[in-house]
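# Summary of structural features
So the chains spell out like this:
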Amino acid sequence: MGAFWVTAILVGVVTIHSSTYTLGNPVLIQRSNETETKMYFYNYFRTISMNQTNQCSYKNISEPIVTLHSYYKYSAKVAADYQPVLNFNQSIMREFRFEGLNDTQNMRTELTIEPNNLIVLYLINAGLERFELAWSDEEIDCRLTKLILHRNRLNTVPKGMDRLRALEILDMSYNKLELFDMAILSKAAWLKVLNLKNNRITTFVSSTSIHFNDLFVVDLSDNQLSILHLLNWNMPRLEFLNIGNNPNFSKLEQKRFNTLPLMQLCYISKVRYDYDVISHVNFVTKF
(Lines give C-alpha, C1' and ligand atoms only; values in the text may rest on other atoms or scores of the structure.)
Protein backbone atom coordinates (compact mmCIF):
# COMPACT_ATOMS: atom_id res chain seq x y z
CA MET A 1 0.00 0.00 0.00
CA GLY A 2 1.32 3.45 -0.85
CA ALA A 3 2.37 5.71 1.97
CA PHE A 4 3.39 9.31 2.36
CA TRP A 5 4.94 11.65 4.89
CA VAL A 6 3.75 15.07 5.93
CA THR A 7 6.32 17.38 7.49
CA ALA A 8 5.23 20.49 9.37
CA ILE A 9 6.87 23.25 11.38
CA LEU A 10 4.70 25.15 13.84
CA VAL A 11 5.48 28.15 15.97
CA GLY A 12 3.13 29.04 18.81
CA VAL A 13 2.46 31.23 21.77
CA VAL A 14 0.67 30.40 25.00
CA THR A 15 -0.37 33.22 27.33
CA ILE A 16 -2.19 33.11 30.62
CA HIS A 17 -4.43 35.99 29.54
CA SER A 18 -5.44 36.94 26.03
CA SER A 19 -3.28 39.84 24.95
CA THR A 20 -1.54 41.54 22.10
CA TYR A 21 1.77 39.98 21.16
CA THR A 22 4.35 39.65 18.42
CA LEU A 23 6.13 36.50 17.33
CA GLY A 24 9.33 38.43 16.70
CA ASN A 25 9.94 39.30 20.34
CA PRO A 26 9.10 36.76 23.08
CA VAL A 27 8.45 39.43 25.71
CA LEU A 28 5.07 40.16 27.24
CA ILE A 29 3.37 43.31 26.05
CA GLN A 30 0.08 43.54 27.93
CA ARG A 31 -0.06 44.81 31.52
CA SER A 32 -2.86 44.14 33.96
CA ASN A 33 -2.85 46.30 37.09
CA GLU A 34 0.75 47.20 36.23
CA THR A 35 1.77 43.51 36.46
CA GLU A 36 3.17 41.79 33.39
CA THR A 37 1.44 38.61 32.28
CA LYS A 38 3.64 35.63 31.48
CA MET A 39 3.75 34.50 27.86
CA TYR A 40 5.09 31.17 26.65
CA PHE A 41 6.63 30.86 23.21
CA TYR A 42 7.45 27.58 21.55
CA ASN A 43 7.91 25.94 18.19
CA TYR A 44 7.57 22.41 17.02
CA PHE A 45 8.34 20.36 13.97
CA ARG A 46 6.71 17.10 13.00
CA THR A 47 6.94 14.46 10.33
CA ILE A 48 3.78 12.42 9.86
CA SER A 49 3.53 9.09 8.08
CA MET A 50 0.25 7.57 7.03
CA ASN A 51 1.94 4.18 6.83
CA GLN A 52 0.90 2.41 10.02
CA THR A 53 3.23 -0.56 9.52
CA ASN A 54 5.67 -0.97 12.38
CA GLN A 55 9.12 -1.04 10.84
CA CYS A 56 12.48 -1.09 12.56
CA SER A 57 14.86 1.81 11.96
CA TYR A 58 17.61 -0.44 10.66
CA LYS A 59 15.44 -1.49 7.70
CA ASN A 60 16.17 1.85 5.98
CA ILE A 61 12.56 2.88 5.45
CA SER A 62 12.03 4.75 2.17
CA GLU A 63 8.72 6.49 1.51
CA PRO A 64 7.50 9.34 -0.75
CA ILE A 65 7.57 12.66 1.12
CA VAL A 66 5.05 15.52 1.03
CA THR A 67 6.27 18.66 2.80
CA LEU A 68 4.04 21.29 4.42
CA HIS A 69 5.30 24.30 6.39
CA SER A 70 2.75 26.09 8.58
CA TYR A 71 2.93 28.77 11.27
CA TYR A 72 0.38 28.98 14.06
CA LYS A 73 -0.30 31.33 16.98
CA TYR A 74 -1.84 30.10 20.22
CA SER A 75 -3.52 32.05 22.99
CA ALA A 76 -4.77 30.43 26.18
CA LYS A 77 -6.11 31.57 29.52
CA VAL A 78 -4.17 29.04 31.59
CA ALA A 79 -0.63 27.69 31.43
CA ALA A 80 -2.06 24.14 31.41
CA ASP A 81 -2.92 24.64 27.75
CA TYR A 82 0.78 24.13 27.06
CA GLN A 83 0.27 20.42 27.75
CA PRO A 84 -2.08 19.57 24.83
CA VAL A 85 0.65 20.49 22.35
CA LEU A 86 2.67 17.59 23.73
CA ASN A 87 -0.27 15.21 23.49
CA PHE A 88 0.30 14.64 19.79
CA ASN A 89 -1.05 11.70 17.82
CA GLN A 90 1.73 9.20 18.37
CA SER A 91 0.26 6.59 16.04
CA ILE A 92 1.08 8.55 12.88
CA MET A 93 4.20 10.43 14.00
CA ARG A 94 7.68 9.59 12.76
CA GLU A 95 9.42 12.69 14.07
CA PHE A 96 8.40 15.24 16.70
CA ARG A 97 10.59 18.15 17.82
CA PHE A 98 9.34 20.57 20.47
CA GLU A 99 11.26 23.46 22.00
CA GLY A 100 10.10 26.03 24.53
CA LEU A 101 11.66 29.37 23.67
CA ASN A 102 11.55 31.09 27.04
CA ASP A 103 11.43 30.31 30.76
CA THR A 104 9.20 27.30 31.56
CA GLN A 105 9.78 27.15 35.32
CA ASN A 106 6.05 27.59 35.95
CA MET A 107 5.15 24.79 33.55
CA ARG A 108 4.25 21.35 34.88
CA THR A 109 3.98 18.88 32.01
CA GLU A 110 4.23 15.13 31.60
CA LEU A 111 4.21 12.70 28.70
CA THR A 112 3.77 8.97 28.23
CA ILE A 113 4.99 7.43 25.00
CA GLU A 114 3.05 4.37 23.86
CA PRO A 115 4.34 1.85 21.27
CA ASN A 116 4.56 3.78 18.02
CA ASN A 117 6.61 4.48 14.88
CA LEU A 118 8.64 7.41 16.26
CA ILE A 119 12.20 7.62 14.99
CA VAL A 120 13.15 11.04 16.41
CA LEU A 121 11.77 12.71 19.56
CA TYR A 122 12.95 16.11 20.81
CA LEU A 123 11.35 17.61 23.95
CA ILE A 124 13.51 20.63 24.80
CA ASN A 125 12.61 23.05 27.60
CA ALA A 126 9.11 21.59 27.72
CA GLY A 127 8.56 21.77 31.48
CA LEU A 128 8.62 17.97 31.75
CA GLU A 129 8.47 16.60 35.27
CA ARG A 130 7.53 13.07 34.24
CA PHE A 131 8.36 11.16 31.07
CA GLU A 132 7.64 7.47 30.55
CA LEU A 133 8.00 4.91 27.78
CA ALA A 134 5.05 2.58 28.33
CA TRP A 135 5.94 -0.63 26.54
CA SER A 136 3.90 -3.72 27.36
CA ASP A 137 5.34 -6.94 28.75
CA GLU A 138 8.72 -7.62 27.11
CA GLU A 139 8.14 -5.44 24.04
CA ILE A 140 11.28 -3.90 22.54
CA ASP A 141 11.33 -0.66 20.56
CA CYS A 142 13.55 -0.90 17.48
CA ARG A 143 12.64 2.44 15.86
CA LEU A 144 13.54 5.39 18.13
CA THR A 145 17.09 6.53 17.29
CA LYS A 146 17.24 10.03 18.86
CA LEU A 147 15.78 10.97 22.25
CA ILE A 148 16.48 14.56 23.32
CA LEU A 149 15.09 15.59 26.72
CA HIS A 150 17.33 18.62 27.21
CA ARG A 151 16.49 21.28 29.81
CA ASN A 152 13.51 19.82 31.68
CA ARG A 153 12.98 18.90 35.35
CA LEU A 154 13.27 15.11 35.27
CA ASN A 155 14.75 13.73 38.50
CA THR A 156 14.71 10.03 37.55
CA VAL A 157 15.64 8.09 34.44
CA PRO A 158 12.43 7.51 32.46
CA LYS A 159 10.75 4.18 32.88
CA GLY A 160 11.03 2.02 29.77
CA MET A 161 14.48 3.22 28.67
CA ASP A 162 15.68 -0.37 28.87
CA ARG A 163 13.46 -1.23 25.87
CA LEU A 164 15.21 1.06 23.36
CA ARG A 165 17.25 -1.08 20.99
CA ALA A 166 17.85 1.38 18.12
CA LEU A 167 18.82 4.40 20.25
CA GLU A 168 21.87 6.27 18.93
CA ILE A 169 21.70 9.62 20.74
CA LEU A 170 20.43 10.25 24.27
CA ASP A 171 20.51 13.79 25.65
CA MET A 172 19.20 14.33 29.17
CA SER A 173 21.38 17.35 29.93
CA TYR A 174 20.11 20.12 32.21
CA ASN A 175 17.70 18.04 34.24
CA LYS A 176 17.73 17.00 37.92
CA LEU A 177 19.02 13.43 37.73
CA GLU A 178 20.94 12.17 40.78
CA LEU A 179 21.63 8.57 39.70
CA PHE A 180 22.35 7.01 36.33
CA ASP A 181 22.96 3.29 35.80
CA MET A 182 24.37 2.53 32.34
CA ALA A 183 22.82 -0.93 32.54
CA ILE A 184 19.46 0.60 31.65
CA LEU A 185 20.87 1.21 28.15
CA SER A 186 22.32 -2.26 27.74
CA LYS A 187 19.99 -3.08 24.81
CA ALA A 188 20.98 0.11 22.95
CA ALA A 189 23.87 -1.56 21.16
CA TRP A 190 24.18 1.29 18.61
CA LEU A 191 24.41 4.13 21.14
CA LYS A 192 26.84 6.79 19.89
CA VAL A 193 26.32 9.88 22.06
CA LEU A 194 25.35 10.15 25.74
CA ASN A 195 24.91 13.65 27.16
CA LEU A 196 24.13 13.97 30.88
CA LYS A 197 25.71 17.38 31.39
CA ASN A 198 24.45 19.67 34.15
CA ASN A 199 22.40 17.37 36.33
CA ARG A 200 22.89 16.49 40.01
CA ILE A 201 24.40 13.07 39.42
CA THR A 202 26.37 11.74 42.38
CA THR A 203 26.43 8.14 41.19
CA PHE A 204 27.20 7.03 37.64
CA VAL A 205 27.55 3.27 37.66
CA SER A 206 27.37 0.13 35.59
CA SER A 207 25.69 -2.48 37.74
CA THR A 208 26.62 -5.11 35.14
CA SER A 209 29.30 -5.35 32.49
CA ILE A 210 28.18 -3.30 29.49
CA HIS A 211 29.27 -3.17 25.88
CA PHE A 212 28.77 -0.15 23.62
CA ASN A 213 30.74 -0.79 20.48
CA ASP A 214 29.79 2.51 18.79
CA LEU A 215 29.71 4.95 21.72
CA PHE A 216 32.24 7.72 21.13
CA VAL A 217 31.00 10.72 23.20
CA VAL A 218 30.07 10.80 26.91
CA ASP A 219 29.47 14.12 28.67
CA LEU A 220 29.14 14.00 32.48
CA SER A 221 30.30 17.53 33.19
CA ASP A 222 28.71 19.86 35.74
CA ASN A 223 27.44 17.16 38.08
CA GLN A 224 28.30 16.02 41.62
CA LEU A 225 30.36 12.92 40.80
CA SER A 226 32.99 11.77 43.26
CA ILE A 227 34.14 8.65 41.41
CA LEU A 228 33.80 7.14 37.96
CA HIS A 229 33.47 3.37 37.67
CA LEU A 230 35.10 2.49 34.36
CA LEU A 231 36.06 -1.11 34.99
CA ASN A 232 32.71 -2.42 33.73
CA TRP A 233 32.89 -0.22 30.62
CA ASN A 234 33.54 -1.93 27.32
CA MET A 235 33.57 1.04 24.94
CA PRO A 236 36.30 0.39 22.39
CA ARG A 237 35.47 3.48 20.30
CA LEU A 238 35.03 6.04 23.08
CA GLU A 239 37.04 9.12 22.04
CA PHE A 240 35.63 12.03 24.06
CA LEU A 241 34.86 12.07 27.77
CA ASN A 242 33.89 15.24 29.62
CA ILE A 243 33.91 15.01 33.42
CA GLY A 244 34.80 18.63 34.05
CA ASN A 245 33.36 20.71 36.87
CA ASN A 246 32.55 17.85 39.21
CA PRO A 247 33.83 19.51 42.40
CA ASN A 248 33.46 16.37 44.51
CA PHE A 249 35.65 14.27 42.22
CA SER A 250 38.65 12.94 44.14
CA LYS A 251 40.91 11.23 41.61
CA LEU A 252 41.11 9.58 38.19
CA GLU A 253 43.25 6.48 38.09
CA GLN A 254 45.36 5.58 35.08
CA LYS A 255 44.31 1.94 35.03
CA ARG A 256 40.72 2.96 34.35
CA PHE A 257 41.70 4.36 30.97
CA ASN A 258 43.52 1.26 29.81
CA THR A 259 40.13 -0.18 28.90
CA LEU A 260 39.47 2.77 26.54
CA PRO A 261 42.11 2.38 23.80
CA LEU A 262 40.75 5.06 21.44
CA MET A 263 40.24 7.73 24.07
CA GLN A 264 41.76 10.94 22.72
CA LEU A 265 40.29 13.84 24.66
CA CYS A 266 39.16 14.14 28.27
CA TYR A 267 38.00 17.41 29.86
CA ILE A 268 38.83 17.31 33.54
CA SER A 269 38.63 20.79 35.04
CA LYS A 270 38.66 20.61 38.85
CA VAL A 271 39.64 16.91 38.84
CA ARG A 272 42.87 15.33 40.14
CA TYR A 273 44.43 12.69 37.90
CA ASP A 274 47.62 10.73 37.19
CA TYR A 275 48.64 12.76 34.16
CA ASP A 276 52.11 11.26 33.75
CA VAL A 277 51.05 7.67 33.16
CA ILE A 278 48.20 7.98 30.64
CA SER A 279 50.12 8.52 27.45
CA HIS A 280 47.34 8.00 24.89
CA VAL A 281 44.90 10.50 26.39
CA ASN A 282 45.00 14.28 25.94
CA PHE A 283 43.72 15.83 29.17
CA VAL A 284 42.30 19.35 28.95
CA THR A 285 41.69 21.37 32.10
CA LYS A 286 39.94 24.33 30.43
CA PHE A 287 37.56 24.71 27.51
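We now turn to the structure provided with this report.

Conventions used here
- Residues numbered from 1 in each chain as written.
- Predicted model: local features only at pLDDT ≥ 70, side-chain atom pairs only at ≥ 80, totals over all residues.
- Heavy atoms only, no water.
- Helix = DSSP H or I, 4+ residues; strand = E, 2+ residues; numbered from the N terminus.
- Buried < 20%, exposed > 50% of the residue type's maximum accessible area, 1.4 Å probe, protein only.
- Polar contact = N/O pair within 3.5 Å; in protein donor to acceptor, adjacent residues only side chain to side chain.
- Contact = heavy atoms within 4.5 Å.
- 1 Å grid on protein atoms, 1.4 Å probe; cavity = no way out; pocket = protein on both sides within 12 Å on 5 of 7 lines; lining within 4 Å.
- Points joined across faces, edges and corners; volume = space filled by probe spheres on them.
- Nonpolar A, V, L, I, M, F, W, Y, C, P; charged D, E, K, R; others polar.
- Salt bridge = Lys/Arg side-chain N within 4 Å of Asp/Glu carboxyl O.

### Here we look at the side chain of N152
Structurally, the position occupied by N152 is in the loop between β10 (146-148) and β11 (169-171). For N152, a relative accessible area of 7% puts it in the buried group. A polar side-chain atom of N152 sits 3.1 Å from the main-chain carbonyl oxygen of L149. Of note is the side chain of N152, whose polar atom sits 3.2 Å from the backbone oxygen of H150. With sequence-adjacent residues up to four places away left out, N152 is seen in contact with L123, N125, A126, G127, L128, Y174 and N175.

### A word on the layout of surface pockets
Considered as a void within the structure, the largest pocket measures approximately 190 Å³ in volume. What lines the largest pocket is simply D103, T104, Q105, N125, G127, R151, N152, R153, Y174, N175, K176 and N198. In the lining of the largest pocket, the residues fall into one nonpolar, seven polar and four charged.

### Quick look at the environment of E129
Here E129 is to be found in strand β9 (residues 128-133). Assessed through its relative accessible area of 37%, E129 is described here as partly exposed. Put simply, E129 and L154 are 25 residues apart on the chain and 5.0 Å apart in space, counted from C-alpha to C-alpha. Dropping the residues within four chain positions of it, E129 is found in contact with R108, T109, R153 and L154.

### Regarding the pattern of salt bridges
Tallied over the full model, the rule gives nine salt bridges. In this structure, R130 and E132 form a salt bridge, with 2.8 Å as the shortest nitrogen-oxygen distance. Between K192 and E168 there is a salt bridge, and its shortest N-O distance comes to 4.0 Å. Taken together, the residues span a long stretch of sequence, with K192 in the loop between β12 (179-181) and β13 (193-195) and E168 in the loop between β10 and β11 at a distance of 24 residues. Of the residues examined, K192 reaches a relative accessible area of 28% and is grouped as partly exposed. Given the relative accessible area of 26%, E168 is considered partly exposed. Taken together, the shared-partner salt bridges in this structure form one network comprising R108, E129 and R153.

Geometry only, nothing functional implied.
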